[in-house]
Amino acid sequence: GYLGVGAYPIGLPAALAASVGQARAALVASVEDGGAAAAAGVLVGDILVTLDGVAIGGPDELRDALVDRAGKAVEVVIIRAGARHALDVTVGTRA
């Protein structure tokens, strides 16, 4: 599956790491116009924390979590401006 984001791994500040239960996440560096992430409201600068409950520590974990999920609805948990949000995303396919 494909979300249509470019992301890189980041270490979370201690307080944020404690609140989400993990030390690493994926920072969204780009969002593809018309992609699944854009349709769900994912923005550049969002921090991807989990996809359907699976911890996302960077682009490799994101890619692994999307295997065999094209066309399926998943919950993506992000941190935006310090607040936790859950977004419903229908996973796309890479064109």
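Treat the numbers as computed from the prediction; the structure is a model and nothing was measured.

K.L.:
Quick question: what am I supposed to make of the layout of surface pockets here?
P.N.:
Over the atoms, a rolled probe matching the size of one water molecule traces out where space is still vacant. Counted as a void, the largest pocket has a volume near 270 Å³. Mapped onto the lining of the largest pocket, the elements with two or more residues apiece are strand E1 (5-11) and helix H3 (59-65). Partitioning the lining of the largest pocket into residue classes produces eight nonpolar, three polar and two charged.

K.L.:
Could you clarify how one ought to interpret the nonpolar core in this entry?
P.N.:
Soluble globular proteins tend to pack their nonpolar side chains together in the buried interior. Counting 21 residues, the largest nonpolar core has Leu 3, Val 5, Leu 48, Leu 51, Leu 62, Val 76 and Val 89 as the members making the most contacts within it. Mapped by element, the contributors of at least two residues to this core are E1, strand E2 (24-31), helix H2 (36-40), strand E3 (47-51), H3, strand E5 (73-80) and strand E6 (83-90). Residues in contact with Val 89, not counting those within four places in the same chain, are Leu 3, Ala 36, Ala 37, Ala 40, Lys 72, Ala 73, Val 74 and Val 76. With eleven residues, the next largest nonpolar core counts Leu 12, Val 49, Val 77 and Ile 79 among its residues.

K.L.:
Would you mind showing me how to read the side chain of Thr 50 here?
P.N.:
Here Thr 50 is to be found in strand E3. With sequence-adjacent residues up to four places away left out, Thr 50 is seen in contact with Gln 22, Ala 55, Ile 56, Glu 75, Val 76 and Val 77.

K.L.:
Help me understand unusual backbone geometry, please; the structure alone is not making it clear to me.
P.N.:
Most of the time, phi is negative for any residue but glycine, and the peptide bond is trans. Its identity as a non-glycine residue notwithstanding, Asp 52 has a phi of 50°, on the positive side. Inspection of the secondary structure assignment puts Asp 52 in the loop between E3 and strand E4 (54-55). In this structure, Ala 81 is a non-glycine residue whose phi angle is positive, near 50°. Summarising the element assignment, Ala 81 is placed in the loop between E5 and E6.

Calculation rules
- Residues numbered from 1 in each chain as written.
- Predicted model: local features only at pLDDT ≥ 70, side-chain atom pairs only at ≥ 80, totals over all residues.
- Heavy atoms only, no water.
- 1 Å grid on protein atoms, 1.4 Å probe; cavity = no way out; pocket = protein on both sides within 12 Å on 5 of 7 lines; lining within 4 Å.
- Points joined across faces, edges and corners; volume = space filled by probe spheres on them.
- Helix = DSSP H or I, 4+ residues; strand = E, 2+ residues; numbered from the N terminus.
- Nonpolar A, V, L, I, M, F, W, Y, C, P; charged D, E, K, R; others polar.
- Core = buried A, V, L, I, M, F, W, Y, C linked by side-chain atoms within 4.5 Å.
- Buried < 20%, exposed > 50% of the residue type's maximum accessible area, 1.4 Å probe, protein only.
- Contact = heavy atoms within 4.5 Å.

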